[in-house]
Amino acid sequence: MKKYFKLFLAALVALVFIGTFVFLWLQSKPQPVSYDEFIPEVKDIVKSTIVTGKIEPRDEVNVKPQISGIITDIYKEAGEMVHAGEVIAKVKVIPDMQQLSSAQARVRLAQVNVKQAKVDYDREKELFDKGYVSADEYDKIAQAYRQAREEVAAATDQLQVVRDGVSASNASASSTLIRSTITGLILDIPVKVGNSVILSNTFNDGTTIASVANMGDLIFRGNIDETEVGRLVAGMPMKISIGAVQNETLQARLEYISPKAVESNGANQFEIKAAINPQRLTSNIRSGYSANAEIVLAEAKKVLTVPESAIEFVGDSTFVYIINGTGNNANYTRKAVVTGLSDGLNIEIKSGIGKADRIRGPKKIKDENTEE
């Protein structure tokens, strides 16, 4: 019994040894190399670039007060249409005490002067009626009285403006009423009732009461890399896609390319602007939407193409390998070709091969998990 067991064990060891040897021999045996195969196709090649940016109104106006004060009323809300001259808000004036005192003093002085002018006028008129003074003398006194009355009216108006921001003589053009300067859509009203506001002057920009824009005239604003800006020309068509608005593409035309670069993330970028076709605008397009613009840099129509992966680049020369024969009898002929436009996947072949040629592609990669 032990004899048979020893023979079985020896046979098992020999079988394992032979199997291992055969496996290693098969693994060391060179495997046949196979390649992808392509047939040249006639198609369009389009070289384009994508520019990221956002949608903006061409003209956005910040409406600011003509006087400083406190907001007492707001008559409009963001999202409403407003016409030029329409009132958006009302401001209550907080008068400057020095200006107020000066205006009050001017009114008092004007009243004193008009009283004296009235006395002089009445005396001169009585003498003129009796024929004791000439008409020329009478006219001078009458003129001085009229000027004194006008000074009272002017001083009173000034006092009302300083104190209330409006006078009785110009109530319709009151500076306490904040009016829109253009017709458009109110994008934002950043103030509330009770907020203090200041007018724009040399030392500050003033408080913005509302932002108004014409949403019928929109532009795309973005930045393009310096490696591509040299191919752009004003007037180029663009396709604008907005992430927030699905299944809608806007047509635009490039109208501005910045002559100066700005650095962004270590790269030089040039600002571009494109006018969006207003005929395709809808009410759901909002200011500030992020958008992508596709610009066609170059294109070739109905040209012979092959995948760019089938091209061998050697310096300034390009080559392809033409397949001769089939199966294990296939061989390859290296041939120079003249290439043209590439879109990154396919490349134009201007000369060197024909439609009937079979072109060798890159080597096939064997999937080790795939069973033969």
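Since this is a predicted model, take the numbers as computed values, not measurements.

A.B. asks: I keep staring at the overall build of the protein chain and nothing clicks. Help me out?
C.D. replies: Looking only at helices and strands, the protein chain features four helices and 20 strands. Per-residue burial for the protein chain yields a buried fraction of 29% across its 372 residues. A separation of at least 24 residues holds for 72% of the contacts in the protein chain among residues at least 6 apart in sequence. Counting only carbon and sulfur atoms, one obtains 52% of the accessible surface of the protein chain, whose full area is about 24,000 Å².

A.B. asks: For this particular structure, what's the right way to read the side chain of Ser258?
C.D. replies: By secondary structure assignment, the location of Ser258 is in strand E13 (residues 249-264). Relative accessible area serves as the criterion here: at 12%, Ser258 is assigned to the buried category. Here Lys260 takes part through its backbone oxygen, which lies 2.9 Å from a polar atom of the side chain of Ser258. With sequence-adjacent residues up to four places away left out, Ser258 is seen in contact with Phe270 and Glu271.

A.B. asks: I keep staring at the packing of aromatic side chains and nothing clicks. Help me out?
C.D. replies: Geometrically, a pair of aromatic rings is defined through the distance of the ring centres and the angle of the planes. For the structure shown, the criterion picks out three aromatic pairs. Summarising the aromatic geometry, the rings of Tyr121 and Tyr138 are spaced 6.0 Å apart at their centres and angled 35° between planes, so their arrangement reads as tilted. Linking Tyr121 in helix H2 (residues 97-130) with Tyr138 in helix H3 (residues 135-164), this pair joins segments that are 17 residues apart in sequence. The same class applies to Tyr121 as to Tyr138, namely buried. Between Tyr121 and Tyr145, the ring centres sit 5.2 Å apart and the planes meet at 20°, which makes this aromatic pair stacked. Of this pair, Tyr121 sits in helix H2 while Tyr145 sits in helix H3, placing them 24 residues apart in sequence. By the burial criterion, Tyr121 is buried, and Tyr145 matches it. Counting every residue linked through ring pairs, the aromatic cluster contains Tyr121, Phe128, Tyr138 and Tyr145. Taking NZ or CZ as reference, Arg149 lies 4.6 Å from the ring centre of Tyr145, over its face.

A.B. asks: What's the story with the pairing of E13 in this structure? I'm lost.
C.D. replies: On any regular strand, side chains alternate: one points to one face of the sheet, the next to the other face. As paired elements, strand E12 (residues 237-242) and E13 share five bridges and run antiparallel to each other. Note on E13: the bridge partner recorded for Lys239 is Gln251. Hairpin remark: E12 followed by E13, antiparallel, with six residues in the connecting loop; positive phi at Asn247, about 60°. Here E13 pairs with strand E14 (residues 267-276) via nine bridges, running antiparallel. Residue Ala261 lies in a different strand from E14, and its bridge partner there is Phe270. Counted along the chain from E13 to the antiparallel partner E14, the turn is two residues long, and its residue Asn265 has a positive phi close to 55°.

A.B. asks: Is there a simple way to explain the environment of Ser134 in this structure?
C.D. replies: When you line up the elements, Ser134 lands in the loop between H2 and H3. Accessibility expressed as a relative area gives 39% for Ser134, which makes it partly exposed. Sequence-wise, Ser134 and Glu124 are ten residues apart; in three dimensions their C-alpha atoms are separated by 9.9 Å.

A.B. asks: Is there a simple way to explain the sheet that holds strand E7 (residues 177-179) in this structure?
C.D. replies: Within a sheet, adjacent strands bond to each other through the backbone by hydrogen bonds, running parallel or antiparallel. Strands sit in the order E7-E6-E4-E9 across an open sheet of four strands; the sheet is antiparallel. Every interior strand has two partners, whereas the edge strands, E7 and strand E9 (196-197), have only one. Bridge count for strand E6 (residues 87-93) against E7 is three bridges, and the pairing is antiparallel. Across the sheet, the residue bridging to Ala89 is Ile178, located in E7.

A.B. asks: Help me out: how do you make sense of the sheet that holds strand E10 (residues 210-213) in this one?
C.D. replies: Taking strand neighbours across the sheet as the criterion, the four strands line up as E3-E10-E8-E5 in an open arrangement whose pairing is antiparallel. Looking at the sheet topology across the chains shown, the edges are occupied by strand E3 (60-63) and strand E5 (81-82). Pairing of strand E8 (residues 184-188) with E10 involves three bridges; the strand directions are antiparallel. Its bridge partner lying in E10, Ile186 is registered against Val212.

A.B. asks: Explain the pairing of E8 to me, please; I cannot follow it from the model alone.
C.D. replies: Of the pairings in the sheet, the one linking E5 to E8 comprises two bridges and is antiparallel in character. Looking across to E8, one finds that Met81 is bridged to Leu185.

A.B. asks: Quick question: what am I supposed to make of the nonpolar core here?
C.D. replies: General note: in soluble globular proteins, nonpolar side chains tend to be found buried as a group. Residues Ile55, Phe220, Leu232, Met238, Ile240, Ile242 and Ile272 are the most contacted members of the largest nonpolar core, which totals 26 residues. Elements that contribute at least two residues to this core include exactly strand E2 (41-57), strand E11 (218-225), E12, E13, E14 and strand E15 (290-307). Once residues within four sequence positions are removed from consideration, Ile240 is found in contact with Ile55, Phe220, Glu248, Thr249, Leu250, Ala252, Ala291, Asn292 and Ala293.

A.B. asks: Mind showing me how you'd approach the confidence of the model for the protein chain here?
C.D. replies: Detailed conclusions should not be drawn from predicted coordinates in areas where pLDDT is low. Scored by pLDDT, the protein chain has a mean of 83; 84% of the residues are at 70 or more. Looking at the elements of the protein chain, mean pLDDT is at its lowest for helix H1 (residues 2-28), recorded as 65, and at its highest for E10, recorded as 94. In this model residues 368-372 is a low-confidence stretch, pLDDT under 50, and it forms one contact with partners more than four residues away in sequence or in other chains.

A.B. asks: Help me understand the pattern of salt bridges, please; the structure alone is not making it clear to me.
C.D. replies: Pairs can form between side chains of opposite charge once their charged atoms are near each other. Scanning the entire structure with this criterion turns up 15 salt bridges. Between Arg221 and Glu271 there is a salt bridge, with its nearest N and O atoms 2.8 Å apart. With Arg221 in strand E11 and Glu271 in strand E14, the pair connects residues that are 50 residues apart, well separated along the chain. A relative accessible area of 24% places Glu271 in the partly exposed class. Residue Glu299 is joined to Lys301 by a salt bridge in which the shortest nitrogen-to-oxygen separation is 3.6 Å. Salt bridges here are not isolated pairs; linked through shared partners, they connect Lys54, Glu56, Arg221 and Glu271.

Thresholds applied
- Residues numbered from 1 in each chain as written.
- Predicted model: local features only at pLDDT ≥ 70, side-chain atom pairs only at ≥ 80, totals over all residues.
- Heavy atoms only, no water.
- Helix = DSSP H or I, 4+ residues; strand = E, 2+ residues; numbered from the N terminus.
- Buried < 20%, exposed > 50% of the residue type's maximum accessible area, 1.4 Å probe, protein only.
- Contact = heavy atoms within 4.5 Å.
- Areas by Shrake-Rupley, 256 points an atom, 1.4 Å probe, with all protein chains shown as cover.
- Polar contact = N/O pair within 3.5 Å; in protein donor to acceptor, adjacent residues only side chain to side chain.
- Phe/Tyr/Trp six-rings, centres within 6.5 Å; stacked < 30°, edge-to-face > 60°.
- Lys NZ or Arg CZ within 6 Å of the ring centre and 35° of its normal.
- Pairing = 2+ DSSP bridges.
- Core = buried A, V, L, I, M, F, W, Y, C linked by side-chain atoms within 4.5 Å.
- pLDDT = per-residue confidence, 0-100.
- Salt bridge = Lys/Arg side-chain N within 4 Å of Asp/Glu carboxyl O.

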